[in-house]
Amino acid sequence: MPPPLQAHRLLISHRRLPSPARRRFTAASSLQSAPATTLAPGPATSSILSIRESLLSGERTAADITSEYLSRLRRTEPSLRSFIHVADAAAEREAEELDRRIASGEKDAVGPLAGVLVGVKDNLCTANMPSTGGSRILDGYRPAYDATAVRRLQEAGAIVVGKTNLDEFGMGSTTEGSAFQVTTNPWDDSRVPGGSSGGSASAVSARQCVVSLGSDTGGSVRQPASFCGVVGLKPTYGRVSRFGLMAYASSLDVVGCFGSSVFDTATILSVVAGHDKMDSTSSSQVVPDYASELVSLDLLESKPLAGLRIGIIQETLGEGVANGVISSIKGAASHLEQLGSVVEEVSLPSFSLGLPAYYILASSEASSNLSRYDGIRYGRQFSADDLNELYGESRANGLGHEVKMRILMGTYALSAGYYDAYYKRAQQVRTLVKESFKDALERYDILISPAAPSAAYKIGEKINDPLAMYAGDILTVNVNLAGLPALVVPCGFVEGGPAGLPVGLQLIGSPFCEGNLLRVGHIFEQTLQNLSFVPPLLAES
Amino acid sequence: MALTLLRGMRTPVSSGSNPGLFFAVLRPRLSRFTARAESAQATEPKAAPPPRSIQLATKEAAEQKTQGFEAVIGIETHVQLSTVTKAFCSCPYSYGAQPNSTVCPTCMGHPGTLPVLNEKVVECAVKLGLALNCEISMTSKFDRKQYFYPDLPKGYQISQFDIPIAKKGHVDLDLPVEFGGGHRKFGITRVHMEEDAGKLLHSESSSYSQVDLNRAGVPLLEIVSEPDMRTGIEAAEYGAELQRIVRYLGVSNGNMQEGSLRCDVNVSIRPVGQSEFGTKVEIKNMNSFSAINRAIDYEISRQILLHKEGQADQIVQETRLWDESSQKTFTMRKKEGLADYRYFPEPDLPEVVLTSDYINEISKSMPELPEAKRRRYENMGLSMQDVLFLANDDNIGHFYDSTLEHGADAKLAANWIMGDIAAYLKDEKVSIDEIKLTPLELSELIASIKNGTISGKIGKEILAELIAKGGTVKGVIEEKDLVQIADPAAIEAMVDKVIADNPKQLEQYRAGKTKLQGFFAGQVMKASKGKANPVLLNKILGEKLNAN
């Protein structure tokens, strides 16, 4: 039995809702077929706390913990393919080094993330590992520096276990767009993990690592979190430095985090967030200790969310969203009501405009950001007889078709004569979207919606239908356009796969109110009854 | 930080078949415009020919030459700022450094890197904007200008598109006296901030090229003029005035040879009286103001000739290069329609928001600018020739002003600086702040001559000594015993001795060969080691020679 998964130490009292909230969710019927896992049922627990506890008490060594995760990784990776690069030897070395420092009684040896294995999306630069962005054009590329978010994790003691798979440069919603491999969903290996941070979501879901970093430009953290049944956080734009994140759409890109509990996700955010002089768009707003603001259940009143006003976005519960998803979200909404909050339907009239505006803006910025992949200074270069051919061959062969399509769309949208009709108009829509969210968030503390219109779908299902894939982003892109923080917490299941497929609840807040989202998400998570989001894959051992 | 080595590009430049890629190999031969240089020389204006090499057109000459046509000239100038670090990263830049030795992931355009604006760049831009009498934008932004070229690491240049940091200004200047003089005011359309690109180094065999990214990301200010200039000399003087201004401000060394100041010139012609512009041609590759002058006058003549020959349609929108060796412009590339740079706002950089306090602070710290200095010197009664000489070089202006502050006479100080000192600077190829003479000693020297302590001739000797070795006027006078002999008795004694020693010459003099007075004067001066007061000497000598 892997201890990190059963640890209940500091959150030991998070066992059940104090009083009346004992109820079944509408979606919980599918639970009958849900995981026959040997892992302990009950609310999610913090793996980070458990690891820290073990190390401080001397109960386990970092080497033990690392080898537990690595052996699980080795066992599951052949079917999941979450990682493009696994740094197992380096991770073992780092763990041993940590043990040596603990043994010699070094002060501060046990940093806040000591011994915590982290997966890093491969579009984040790491100096000691290849960083490809999932693209052939960067095959073999090794950056000269670490992304700020990665560096901060390492400085807190985390061990980077490898680089996770993604849709090339973050462009896609299935991770099928990786130049190297297709990642599968731990809940059903015939399904996609979502994307573009599919590798990071899958790896945390299958406990190949404790937590992971992703990036979210239009939903790339939240949708795979929903598909894989893990917690995913897209912070406010500017909350986490983008330095070292291979840019897809600079005005939308955010580094996000995945964890198997809200507590772990909050802990990671506290470490990676904050101003960075290397990123002029990073905010200098003070970073709270998010995790310390999470209160364990026994300290909560019977209606812990009393006074909280929640708006459920009307436009996200209609056509195009699967019935199972809608009933899961409605179930989550009534759970939130039972916790004391007031949940009302709210309409965001500009909601449907977000998707086309997003694809114009994101593609426009992408067409510019990806110009640097020209084969001249690094990455793959194809020999050619003249300069145009050199560019053409290097980019035609080095970039995948989805990326090329978006570059073409973006180039078109920014071209003379089209700029006003596309880019400029999309910016105006963006302003509308921002304003309508601002209005709604003046009336409600938090807005909720599904994170994706469906649960994980089959590999190959949408690969030849990009429009269908793009449509899947409708529930997430508006949040990026508005620059808001959003947290996805697993909230239920729908039928499918061997054990049901998880559904995530998206909680959207005002800028820099991650703390509020995490607090509500944590209470929601801790009071969910009879649901365990440990995938069946792990029961097989 | 580990650096990725730049690779050589395998891009064979097959001779002739690949025009426009590497302009160094492009030299199409156009033989029909060879007659121009001579004709320009032949129409030299004015009685007093200019002593300098820039000897082409005065306004009058240009008009005479242009046979009913008028040229319209606008200039885009790139000024490389002499900030300690680059515009968007903390790499230093020094001209001539080992290729790719001052680079980092950011200025090499590596994945994940982001620009961070060097605030000094904004300060320089505001300074220059104020110096050019511009409106400063309280809020401006950066944009991306997109195109592919191996010297452009990101595939876009960070620049400013629709909201430049400064706009709607003007520059005042005075044309050199030898070109007819005259005050001019030229409009400045805008000043904006941007980053420089790297450089391509072509192999001798032309079979491959290499990229040097030292210059990539170095801050530039681009200054766009209104199309207000009409002749080569006006354009050259506009460039020279910008150079003076950036040097006065200390924002750039303004060195054209190193490419710290680069002018791209747009030239078109139209019949006098017509208000629409003709088709404009862009000229690049001029690395001196003299070259700008000659290139423009050549281009004007070329276009007029085409008009005269009924081939005005041969004037097309294109970029031409000035070739110093043949003194002609050649086609570099024809523009097929407008290049589409797909500008859009740079999402990685916040807007540049200035406060009026910030601008006031900079405004207060501004030095006296060339135009103000010229007007001040002019009001002191100096001739325009003197004014231009003294104000053109910031260091000379400082030296001059400092000399005046020590009480020197304005005209005398100007004469010394423009005479012996300028000659020394020219001969030794040094700048005025490199010589040992201080403004204080120059003022002492002028005073010593004025009060009769030394003669002007001795003054010149002392000056040469001070320039080369330093020291004080007093010190040199004492050391070399150079105090003027103004005692009539002492001079009389020397005169008597010289007359006595030269009976033959005395006889000839008295026989009517009065020219010999010069000989006697010389002998006395020699005997006095040059110290005799020349006025007294000549007076006494005359009396003695003519005494009978």
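None of the values given here were measured: they were computed from a predicted structure.

### As for the nonpolar core
The biggest cluster of nonpolar side chains holds 100 residues, and the ones touching the most others in it are Leu213 and Leu336 of chain A. With 7 residues, helix H8 (residues 262-272) of chain A is the largest single contributor of residues to this core. Those residues in contact with Leu336 of chain A, other than ones at most four positions away along the chain, are Leu305, Ile310, Ser341, Val343, Ile448, Leu505, Val520 and Phe524 of chain A. Within the second largest apolar cluster, 99 residues are counted, among which are Val126, Val251, Ile269 and Ile417 of chain B.

### What about the packing of helix H15 (residues 503-510) of chain B against helix H17 (residues 534-546) of chain B?
Residues and elements named next belong to chain B. Interhelical geometry of H15 versus H17 gives an angle of 80° and a closest axis separation of 10 Å. Regarding the angle of H15 to H17, the classification is roughly perpendicular. Across from Leu506, Tyr509 and Arg510 in H15, the residues of H17 making contact are Lys544, Leu545 and Asn546. Grouping the amino acids of the contact of H15 with H17 by side-chain chemistry returns 3 nonpolar, 1 polar and 2 charged.

### Quick word on the interface of chain B and chain A
Interfaces are often described in size by the accessible area the parts lose on coming together. Across the boundary between the two partners, chain B contributes 45 residues, which contact 47 residues of chain A. Both faces considered, chain B and chain A share a buried interface measuring about 3600 Å² in area, 55% of it formed by carbon and sulfur atoms. Taken together, chain B and chain A are joined by 1 salt bridge. Residue Asp348 of chain B pairs with Arg242 of chain A through a salt bridge whose shortest N-O separation is 3.0 Å. In this assembly, chain B and chain A are joined by 21 residue pairs in polar contact (both at pLDDT 80 or more). Within the residue set of the side of chain B that touches chain A, elements represented by two or more residues are strand E4 (143-146) and strand E15 (344-345) of chain B. Of the residues assigned to the side of chain B that touches chain A, the class counts are 27 nonpolar, 11 polar and 7 charged.

### Comments concerning the packing of aromatic side chains
Given two aromatic rings, their pairing is described by the distance between the two centres and the angle made by the two planes. Scanning the entire structure with this criterion turns up 23 aromatic pairs over all chains. Centroid distance Tyr145 of chain A to Phe243 of chain A: 4.9 Å. Interplanar angle 35°. Geometry classified as tilted. Here Phe243 of chain A lies in the loop between strand E5 (231-234) and strand E6 (254-259) and Tyr145 of chain A lies in the loop between strand E2 (117-121) and helix H5 (148-155), a separation of 98 residues in the sequence. When sorted by exposure, Tyr145 of chain A lands in the same class as Phe243 of chain A, which is buried. Relative to Phe344 of chain B, the ring of Tyr423 of chain A lies with its centre 5.7 Å away and its plane at 70°, an arrangement referred to as edge-to-face. Taken together, the residues Tyr423 of chain A in helix H13 (residues 420-443) and Phe344 of chain B in strand E15 connect one chain to another.

### A look at the pattern of salt bridges
Throughout the structure, instances matching the rule amount to 55 salt bridges over all chains. Among the salt bridges present, the one from Arg136 of chain A reaches Asp139 of chain A, with a minimum N-O distance of 4.0 Å. With relative accessibility at 31%, the residue Arg136 of chain A sits in the partly exposed group. Residue classification places Asp139 of chain A among the partly exposed positions, given a relative accessible area of 36%. Linked through salt bridges whose partners overlap, the residues forming this network are Asp174, Glu237, Glu241, Arg244, Glu371, Arg374, Arg375 and Glu378 of chain B.

### Quick word on the sheet that holds strand E5 (residues 156-159) of chain B
Spatially, the 3 strands line up as an open sheet ordered E5-E4-E15 (chain B), and their pairing is antiparallel. Looking at which strands have only one partner, the edges of the open sheet turn out to be E5 and E15 of chain B. By the bridge criterion, 2 bridges tie E4 of chain B to E15 of chain B in an arrangement that is antiparallel. In the strand pairing of E15 of chain B, Asp143 of chain B is matched with Pro345 of chain B. The sheet strands contacting helix H10 (residues 354-369) of chain A are E4, E5 and E15 of chain B, and the helix crosses E4 of chain B at an angle near 60°.

### Examining helix H9 (residues 323-338) of chain A
All names here are of chain A. A rise of 1.5 Å per residue sets the reference length of H9, with its 16 residues, at 22 Å; its end C-alpha atoms lie 22 Å apart and thus fit the reference within 8%. The complete set of buried residues in H9 reads Val325, Ile326, Ser328, Ile329, Gly331, Ala332, Ala333, His335 and Leu336. Considering only its buried residues, H9 is in contact with strand E7 (309-313), strand E8 (342-346), strand E9 (446-450), strand E10 (486-494), strand E11 (501-508) and helix H16 (514-527). Two residues or fewer past H9, Gly340 is found with a positive phi of approximately 115°.

### Side note on the side chain of Ser131 of chain A
All names here are of chain A. For Ser131, the location among the structural elements is in the loop between E2 and H5. A relative accessible area of 0% means that Ser131 is categorised as buried. A distance of 3.5 Å separates the side chain of Ser131 from the backbone oxygen of Met129, its partner in a polar contact. A distance of 2.9 Å separates the side chain of Ser131 from the side chain of Lys163, its partner in a polar contact. When residues no more than four places from it in sequence are discounted, the contact partners of Ser131 are Asp122, Leu124, Cys125, Thr126, Leu138, Tyr141, Pro143, Lys163 and Met246.

### Observations regarding the sheet that holds strand E12 (residues 281-284) of chain B
Strand pairing within a sheet occurs via backbone hydrogen bonds; the two strands may be parallel or antiparallel. Residue and element names in this part refer to chain B. Strand order in the open sheet formed by 9 strands is E2-E6-E7-E10-E1-E11-E12-E13-E14, and the pairing between neighbours is mixed. Edge positions in the sheet fall to strand E2 (135-136) and strand E14 (328-334), since each of these pairs with one other strand and no more. Sheet topology places strand E7 (residues 183-195) next to strand E10 (residues 219-225); 7 bridges connect them, and they run antiparallel. Bridge pairing in E10 places Glu195 opposite Pro219. Strands in contact with helix H3 (residues 119-131) are E2, strand E6 (166-174), E7 and E10; relative to E10, the strand with the most contacts, it is inclined by about 20°. This element, helix H5 (residues 289-308), spans strand E1 (69-80), strand E11 (261-271), E12, strand E13 (318-323) and E14 of the sheet and lies at about 25° to E11.

### Looking at the UniProt feature "active site" in chain A
All names here are of chain A. UniProt's feature table lists "active site" at Lys121, Ser196 and Ser220, given in the numbering used throughout. In summary, the annotated positions, though distributed over 100 residues, converge in three dimensions, the widest C-alpha pair being only 10.9 Å. Among the secondary structure elements, Lys121 is positioned in strand E2. Beyond its immediate chain neighbours, meaning those up to four positions away, Lys121 contacts Lys163, Thr164, Leu166, Gly170, Ser196, Ser197, Ser200, Leu213, Gly214, Ser215 and Ser220. Among the polar contacts listed, one links the side chain of Lys121 to the side chain of Ser197, at a separation of 2.8 Å. For Ser196, a relative accessible area of 1% puts it in the buried group. Aside from chain neighbours lying at most four places away, what touches Ser196 is Lys121, Asn165, Leu166, Asp167, Gly170, Met171, Gly172, Ser173, Thr175, Ser215 and Ser220. A distance of 3.4 Å separates the side chain of Ser196 from the backbone oxygen of Gly170, its partner in a polar contact.

About the criteria used
Residues numbered from 1 in each chain as written. Chains lettered and ligands numbered in written order. Predicted model: local features only at pLDDT ≥ 70, side-chain atom pairs only at ≥ 80, totals over all residues. Heavy atoms only, no water. Core = buried A, V, L, I, M, F, W, Y, C linked by side-chain atoms within 4.5 Å. Buried < 20%, exposed > 50% of the residue type's maximum accessible area, 1.4 Å probe, protein only. Helix = DSSP H or I, 4+ residues; strand = E, 2+ residues; numbered from the N terminus. Contact = heavy atoms within 4.5 Å. Axes fitted to C-alpha atoms, helices over the stretch in contact; angles between N-to-C directions. Parallel < 35°, antiparallel > 145°, perpendicular 65-115°, else oblique. Nonpolar A, V, L, I, M, F, W, Y, C, P; charged D, E, K, R; others polar. Buried area = accessible area lost by both parts, 1.4 Å probe. Salt bridge = Lys/Arg side-chain N within 4 Å of Asp/Glu carboxyl O. Polar contact = N/O pair within 3.5 Å; in protein donor to acceptor, adjacent residues only side chain to side chain. Phe/Tyr/Trp six-rings, centres within 6.5 Å; stacked < 30°, edge-to-face > 60°. Pairing = 2+ DSSP bridges. Expected span 1.5 Å × (residues − 1). UniProt positions renumbered as here; feature names shortened; annotations may be inferred.

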